[in-house]
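A closer look at the structure
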Amino acid sequence: MANRSLAKENSQKQSATFDTVESAKIGEVPALNLPSQYEDACIPCENDLQLTEIFGAAIAALDPNLPGALPDIAARIGCDKAQRILLIMVDGLGYEALSTHYGHAPTLRSLRSSTYKAHTVIPSTTAAAITAFTTGEKPGRTRMTGYSVAVDDEVMNLLAFREGIDPSIWQPVTPYFSRLAEHECHSVVITPATFSGSGLSRAALRGARHVPASTWAQRCSEAVRELRAGTPVVYLYWSDIDHVGHKKGIHSYEWAHALEDFDAGLSDLLRQIPSDTCALLTADHGMVNVDQKNLIDCSMIAALSESVRIVAGETRAVHVHCQSGTQRETYERWSEFLGERAWIVPAENITDLIGEGPGKDQVGDFVVFSRGRGGIVDSRTQNEQARNLMGVHGSLTSAEMHIPVIRLA
C-alpha cells in the first residue's frame with residue numbers, strides 16, 4: 001500500500017505541479033518549462049555541445065561561408081582549415097559505454113584529448129538523430145520523432161516508411177548535402193547497397209551521391225578513395241556496434257569485440273587519409289541494458305491499455321495516443337501506475353524537448369521516457385524479437401543521451 005501511495009503522490013505531482021526546472025536558453029530554443037521531476041534527466045543546457053552542431057562545425061573547416069557553417073563550434077572542437085572533411089557516424093557508440101571500454105579501443109583511447117562529450121537529440125534514437133545530424137535541426141522540425149510513429153491507425157517505422165508516404169516530403173528540412181550541392185560542394189555517403197533509396201536515406205541523406213560498401217574495411221577503403229579523389233564531404237556510417245548492443249548488451253564480450261574490430265579499422269583508415277582532411281567521429285545515441293523483468297507490456301495491463309487508441313515510438317520513448325476526450329484521465333492513470341519508473345511528458349511540454357515544428361503532432365498526447373533499466377513494449381504491434389532486445393535507447397538518461405565527438409584529424 002505504501003508503494004501505491006507513493007505512486008499516486010508522484011502522479012499528482014506530475015499532473016498538477018508543473019514547477020519549472022531552470023535550464024538556460026540554447027541558441028533560439030527557449031528555457032525549458034518542465035515539471036521538477038525532470039531535473040535528473042540528461043537534457044542539454046547552455047553551452048552543452050549538441051549533435052545538431054557537428055556537421056555545421058565540420059563544413060566551417062571547409063569554408064565558414066558555406067550554408068549552415070558554424071565556425072564558433074569548429075573553433076571549440078579544434079577543427080582547423082581543411083580541403084575536405086570526413087564525418088564518421090558510429091551507430092550506438094555512447095560516450096559512457098566508450099569511456100568504460102577504452103581498454104578495447106587503443107586508437108580511440110589515444111584520442112581522448114580531442115574527445116568531447118555532447119548531447120544527442122530527444123528521443124535518443126537513430127531516425128531522429130541521424131536526420132538531426134544531417135540537417136542541423138531537432139526532431140520537432142524534421143518530423144523524425146522516434147523509431148516509429150502513428151499514421152492513421154497504423155505504426156510506421158521511420159527507418160523504412162511505408163508505401164504512399166514520401167520521406168522527402170515527410171521530412172521537410174533540406175539536408176546539408178543538398179544545400180552544399182547548390183554551392184558546388186559535393187558529398188558522398190558510404191553505406192550498404194541496401195540503404196540506397198531507403199526511407200531514412202531519402203529523408204536524411206538526399207543530395208549526396210551514394211557509394212555502396214558492406215564491411216568496415218570496404219567502407220574505409222571507399223572513404224580513402226573518395227578523399228584522395230578530392231570529394232569535399234565524405235560521410236561514413238557504421239552500425240555493427242549498435243546491432244550487437246541490441247542483441248547481446250553493451251557490456252557483453254560480443255560488444256567489446258565489435259568495438260575492437262571498429263577501432264582496428266579506424267587506425268588503418270587514419271593512416272591513409274590525406275593530411276588536409278578534417279575528420280570527425282560521433283554517434284547517434286548511447287544505450288542501456290534493460291532488465292527483462294522490468295519490461296511492461298502495456299497491452300496486458302488494463303490501467304495502460306484502457307482509453308489508448310495506439311502506441312508508437314519505442315521501448316524507452318513511448319508515444320501514447322489517447323481516444324478522444326480521455327487524454328487527462330489516461331495521462332494520470334499512466335503516471336500513477338508507472339510512478340518513478342518513467343518521466344512522462346504531456347503534449348503541451350514536448351516541444352521543450354524536441355523543438356518546435358510539425359514533429360509535435362506526431363508524438364501523441366504524451367511521451368513516456370523510461371528510467372533505470374525498464375521499458376514499455378506493446379505485443380499488439382511489436383514482434384517478439386523487438387520486445388526482447390537486450391540493449392535499447394530512446395530515453396533521457398545520460399547513458400543514452402551522451403555521445404562522443406572526436407576530432408580524429
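Residues numbered from 1 in each chain as written. Predicted model: local features only at pLDDT ≥ 70, side-chain atom pairs only at ≥ 80, totals over all residues. Heavy atoms only, no water.

**Focus: the overall build of the protein**
The secondary structure content of the protein amounts to 18 helices and 17 strands. The C-alpha extent of the protein, read off along each of the three principal axes, is 65 × 45 × 45 Å. When burial is assessed residue by residue, the protein has 58% of its 409 residues classed as buried. Looking at the protein alone, contacts between residues at least 24 apart form 74% of all its contacts between residues at least 6 apart. (Helix = DSSP H or I, 4+ residues; strand = E, 2+ residues; numbered from the N terminus. Buried < 20%, exposed > 50% of the residue type's maximum accessible area, 1.4 Å probe, protein only. Contact = heavy atoms within 4.5 Å.)

**A word on the packing of aromatic side chains**
Tallied over the entire structure, the rule returns 11 aromatic pairs. With a centroid separation of 6.1 Å and 75° between ring planes, the pair formed by Phe-177 and Tyr-235 is classed as edge-to-face. On the criterion of sequence distance, the pair formed by Phe-177 in helix α9 (residues 176-181) and Tyr-235 in strand β7 (residues 233-238) is long-range, its members being 58 residues apart. Each member of the pair, Phe-177 as well as Tyr-235, carries the same accessibility label: buried. (Phe/Tyr/Trp six-rings, centres within 6.5 Å; stacked < 30°, edge-to-face > 60°.)

**Here's the deal with the environment of Arg-202**
Tracing the backbone shows Arg-202 in helix α10 (residues 199-204). Beyond its immediate sequence surroundings of up to four residues, Arg-202 is in contact with Asp-166, Pro-167, Ser-168 and Gly-197. In terms of polar contacts, Arg-202 uses its side chain to reach the side chain of Asp-166, at 3.2 Å. (Polar contact = N/O pair within 3.5 Å; in protein donor to acceptor, adjacent residues only side chain to side chain.)

**Things to note about the packing of helix α11 (residues 216-228) against helix α13 (residues 253-272)**
Following both chains from N to C, one finds α11 and α13 inclined at 20°, their axes separated by 10 Å at the closest point. By the angle class used here, α11 and α13 are roughly parallel. In this structure, α11 meets α13 at a crossing whose hand is right-handed. Residues Trp-216, Cys-220, Ala-223, Val-224 and Arg-228 of α11 form the contact with α13, whose own contacting residues are Asp-261, Phe-262, Gly-265, Leu-266, Leu-269 and Gln-272. (Axes fitted to C-alpha atoms, helices over the stretch in contact; angles between N-to-C directions. Parallel < 35°, antiparallel > 145°, perpendicular 65-115°, else oblique. Left-handed = near helix turned anticlockwise from the far one by under 90°.)

**Focus: the sheet that holds strand β17 (residues 402-407)**
If you walk across this open sheet you meet the seven strands as β2-β17-β8-β1-β7-β5-β6, and the pairing is mixed. The sheet is open, and its two edges are formed by β2 (115-119) and β6 (209-212), each paired on a single side. Sheet twist, expressed as the average angle between the axes of neighbouring strands with direction ignored, equals 20°. Pairing geometry for strand β8 (residues 277-283) and β17, over three bridges, is antiparallel. Paired with Leu-281 across the bridge in β17 is Ile-406. Contacts from α13 reach β1 (84-90), β7 and β8, with the element oriented near 175° to β1. (Pairing = 2+ DSSP bridges.)

**A word on the sheet that holds strand β13 (residues 342-346)**
Ordered in space as β11-β12-β14-β13, the four strands form an open sheet in which the pairing is antiparallel. Bordering the open sheet on either side are β11 (308-314) and β13, each of which pairs with just one other strand. Across this sheet, the average inter-strand angle for adjacent strands is 20°, counted without regard to direction. By the bridge criterion, four bridges tie strand β12 (residues 317-322) to strand β14 (residues 366-370) in an arrangement that is antiparallel. Residue Val-320 lies in a different strand from β14, and its bridge partner there is Phe-366.

**Digging into the nonpolar core**
Ile-88 and Leu-108 are the most contacted members of the largest nonpolar core, which has 89 residues in total. Not counting residues up to four positions away in its chain, the partners in contact with Leu-108 are Leu-93, Leu-98, Tyr-102, Leu-259, Phe-262, Asp-263, Leu-266, Leu-281 and Ile-406. (Core = buried A, V, L, I, M, F, W, Y, C linked by side-chain atoms within 4.5 Å.)

**Overview of unusual backbone geometry**
Backbone torsion omega between Ile-122 and Pro-123 reads 0°, so that peptide bond is classified as cis. Of note in this structure, Phe-161 is not a glycine but carries a positive phi near 65°. Its place among the elements puts Phe-161 in the loop between β4 (154-157) and α8 (167-170).

**Points about the pairing of strand β3 (residues 148-151)**
Here β3 shows no split at all, with Ser-148 and Ala-150 on one side and Val-149 and Val-151 on the other all buried. The pairing of β3 with β4 spans four bridges and is classified as antiparallel. Bridging across to β4, Ala-150 finds its partner in Val-155. A loop of two residues connects β3 with β4, the two strands running antiparallel in sequence, and Asp-152 in this loop sits at a positive phi of about 60°.

**Describing the pattern of salt bridges**
Considering all chains together, one arrives at 16 salt bridges under this definition. In this structure, Arg-202 engages Asp-166 in a salt bridge whose closest nitrogen and oxygen atoms are separated by 3.2 Å. Of this pair, Arg-202 sits in helix α10 while Asp-166 sits in the loop between β4 and α8, and the two are 36 residues apart along the sequence. In this structure Arg-202 comes out as partly exposed when scored by relative accessible area, which is 36%. Under the relative-accessibility criterion, Asp-166 is labelled partly exposed at 28%. (Salt bridge = Lys/Arg side-chain N within 4 Å of Asp/Glu carboxyl O.)

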